[in-house]
Amino acid sequence: AQTAIISTLKTGDVIITGDDVYGGTNRLFRNLAVNMGMEVIFVDMTDVSNLEKAMKDNVKLVWLETPTN
């Protein structure tokens, strides 16, 4: 399911996700998404201001998981 969601994005799109996501999710973003030309920003989601600071015009996906690692 995660791969299907990522495949809807394109080169240059940005994904923001938590810095403590499931290991498989982390590897999927670091390997697949980055190799597809996307930027992945990992932030500490325990402070919403970190998410606000990471926002850019080309953010297409904010990936949240609960519970996280």
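Residues numbered from 1 in each chain as written. Predicted model: local features only at pLDDT ≥ 70, side-chain atom pairs only at ≥ 80, totals over all residues. Heavy atoms only, no water.

The name given to the chain in an unreviewed UniProt entry is cystathionine gamma-lyase, with Chironomus tepperi as the source organism. Turning to the chain, the UniProt annotation filed under Sequence similarities (unreviewed entry) states: "Belongs to the trans-sulfuration enzymes family." (UniProt positions renumbered as here; feature names shortened; annotations may be inferred.)

Colleague: How do you make sense of the sheet that holds strand 1 (residues 14-18) when you look at a structure like this?
Modeller: Backbone-to-backbone hydrogen bonds pair the strands of a sheet. The strands run either parallel or antiparallel. Spatially, three strands are ordered 2-1-3 in an open sheet, and the strand pairing comes out parallel. Where the open sheet ends on each side, the last strands, each with one partner, are strand 2 (39-43) and strand 3 (59-63). On average, each strand axis in the sheet is inclined to that of its neighbour by 20°, with strand direction left out of account. By the bridge criterion, four bridges tie strand 1 to strand 3 in an arrangement that is parallel. Counterpart to Ile 16 in the pairing with strand 3 is Val 62. Packed on one face of the sheet, helix 2 (residues 23-35) meets strand 1, strand 2 and strand 3 and runs near 155° to strand 2. (Pairing = 2+ DSSP bridges. Helix = DSSP H or I, 4+ residues; strand = E, 2+ residues; numbered from the N terminus. Axes fitted to C-alpha atoms, helices over the stretch in contact; angles between N-to-C directions. Contact = heavy atoms within 4.5 Å.)

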